[in-house]
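Read off the chains here:
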Amino acid sequence: MFDPSTAKQTYDVIIIGGGINGASVARDAALRGLSTIVIEKNDFASGSSSWSTRLVHGGLRYLEYFEFPLVREALHDREILLRNAPHLVNPLLLTIPIYGDRSRPYWKIWAGMCLYDVFSFDKTVPEHRMLPRRKFKQLFRAIEGDGLNGGAQYYDAQASLAERLCWENLRAAIDAGGVALNYTRVTELHRDGDRITGVSCCDELDGQTFEVYGHEKTIVINTAGPWVDRVCATAKMNGKPAPIGTRKMGGTKGSHIVVSPFPGAPDSALYVEAKSDGRPFLSCLGSVNT
Ligand SMILES: Cc1cc2nc3c(=O)[nH]c(=O)nc-3n(C[C@H](O)[C@H](O)[C@H](O)COP(=O)(O)OP(=O)(O)OC[C@H]3O[C@@H](n4cnc5c(N)ncnc54)[C@H](O)[C@@H]3O)c2cc1C
């Protein structure tokens, strides 16, 4: 809800979007002593951050594209989250069945597992292990055995309550003097050449409009997730539309199917490639909070 005093001050950092990225940036900025405001049009974490699979992972598949620095950074961050938020981020055992007729042969998955271990040399979760075919069949009796060569098991992590992780970042930002507004939409970016100097906002609950201003060194950070381009398109200079940059968001799509527990269901997460078209899918055991 809008507090008139919010608009009367200027901020060092203005963050648009209160998902996990906006919340984390807000925490980091506020803890560094910067005056920070984060503005969210809906509930905090109501966007992609609440619709993700909630894995806290190092990006195993990026190894195929030789994105080693990215994987190392993500594995390092995974470890930080496991240590800093053990009440929210838990180790997750994943199993990959390896079939002879799929795109990734046994040796490639083994090599990926070894690299994943090397890049997470400072981890607290166990290293990977390869499962020969017979061992795999013992552990996963219900999994299709035709063409099976074995499997690989490794650890990543999962934040089952991802919204709470987001909120705890915001709480830390607020405790450090930051301001967090929800149900407040950024309707316009005020552009002056290459700089954004402030934003116009609308309180989604009562329709009240107001401005949030920066100063000459203010940084405005667009963490609007899939809406990043829409926010960029609201920029105006001298009252005239002056959208920023070209399209940045390509978009990605995934589906989550929730089923009741059934006999023979695997008791660890499985990462499998569909036989029909090679699309990856993840099967996870978990509880659903309604
Ligand atoms: C199917 C799927 C599964 C995924 N699984 C994983 C996973 O397992 N692990 C993982 O790490 N990542 C996963 N991701 C990616 C992850 O969800 C995103 O990278 C992450 O949630 C992005 O967070 P964000 O804060 O940038 O965006 P969001 O969470 O979308 O937050 C952006 C916020 O901006 C707000 N906003 C938009 N416009 C305005 C405006 N004008 N004014 C004010 N606020 C505005 C929105 O309401 C929204 O809350 C997955 C993504 C998909 C699609």
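Since the structure is predicted, the reported quantities are computational estimates derived from the model, not experimental observations. (Residues numbered from 1 in each chain as written. Predicted model: local features only at pLDDT ≥ 70, side-chain atom pairs only at ≥ 80, totals over all residues. Heavy atoms only, no water.)

Before going further, it helps to examine the side chain of Ser 49. Mapped onto the elements of the fold, Ser 49 is located in helix H3 (residues 48-51). Among the residues examined, Ser 49 registers a relative accessible area of 18% and is labelled buried. Here Ile 20 takes part through its backbone nitrogen, which lies 3.0 Å from a polar atom of the side chain of Ser 49. (Helix = DSSP H or I, 4+ residues; strand = E, 2+ residues; numbered from the N terminus. Buried < 20%, exposed > 50% of the residue type's maximum accessible area, 1.4 Å probe, protein only. Polar contact = N/O pair within 3.5 Å; in protein donor to acceptor, adjacent residues only side chain to side chain.)

In this section: the sheet that holds strand S9 (residues 195-203). Reading across the sheet, the eight strands line up as S7-S2-S1-S10-S9-S8-S11-S12 and stay open at both edges, with mixed pairing between neighbours. At either end of the open sheet lies a strand with only one pairing partner, and these are strand S7 (179-181) and strand S12 (240-241). With four bridges joining them, strand S1 (residues 10-16) and strand S2 (residues 36-39) adopt parallel strand pairing. Its bridge partner being in S2, Ile 15 is matched across the sheet by Val 38. Sheet contacts for helix H2 (residues 20-31): S1, S2 and strand S10 (209-222); angle to S2, the most-contacted strand, approximately 170°. (Pairing = 2+ DSSP bridges. Contact = heavy atoms within 4.5 Å. Axes fitted to C-alpha atoms, helices over the stretch in contact; angles between N-to-C directions.)

Under the counting rule described, the total for this entry stands at zero disulfides. Here Cys 201 stays free of any disulfide, with the sulfur of Cys 202 as its closest cysteine sulfur at 8.7 Å. You can call Cys 201 buried: its relative accessible area is 1%. (Disulfide = S-S within 2.5 Å.)

The next subject is the layout of surface pockets. Gaps left between atoms show up when a probe the size of a water molecule is rolled over them. Roughly 580 Å³ of volume is contained in the second largest pocket. Contributing elements (two or more residues each) for the lining of the second largest pocket: strand S4 (90-99), helix H5 (106-119) and strand S13 (269-273). Taken together, the residues that form the lining of the second largest pocket break down as 17 nonpolar, three polar and six charged. (1 Å grid on protein atoms, 1.4 Å probe; cavity = no way out; pocket = protein on both sides within 12 Å on 5 of 7 lines; lining within 4 Å. Points joined across faces, edges and corners; volume = space filled by probe spheres on them. Nonpolar A, V, L, I, M, F, W, Y, C, P; charged D, E, K, R; others polar.)

On to the domain arrangement of the protein, then. Assigned domains of the protein: these are domain 1 (4-50 + 162-241) and domain 2 (67-157 + 267-283). A C-alpha centroid distance of 37 Å is found between domain 1 and domain 2. (Domains from an automatic or database assignment.)

Before going further, it helps to examine H2. Along its 12 residues, H2 runs 16 Å from first to last C-alpha, staying within 8% of the 16 Å computed at 1.5 Å per residue. Within H2, the full set of buried residues consists of Gly 22, Ala 23, Ala 26, Ala 29 and Ala 30. The arc that holds the buried residues of H2, viewed along the axis, is 135°, so those residues lie on one side. For H2, the exposed residues set more than 90 degrees away from the buried face come down to Asn 21 and Leu 31. Looking at the residues trailing H2, positive phi occurs at Gly 33, about 90°. (Expected span 1.5 Å × (residues − 1). Arc of directions from axis to C-beta.)

A word on the site of the ligand. Around the ligand sit 29 residues, and of these Asn 21, Glu 40, Ser 48, Ser 49 and Leu 55 come closest. In this structure, Glu 40 approaches the ligand through a side-chain N or O atom, which is 2.7 Å from an oxygen atom. Note that an oxygen atom of the ligand is positioned 2.6 Å from one of the side-chain N or O atoms of Ser 48. Protein coverage of the free-state accessible area of the ligand, which is 1,000 Å², stands at 79%. (Near = heavy atom within 4 Å. Areas by Shrake-Rupley, 256 points an atom, 1.4 Å probe, with all protein chains shown as cover.)

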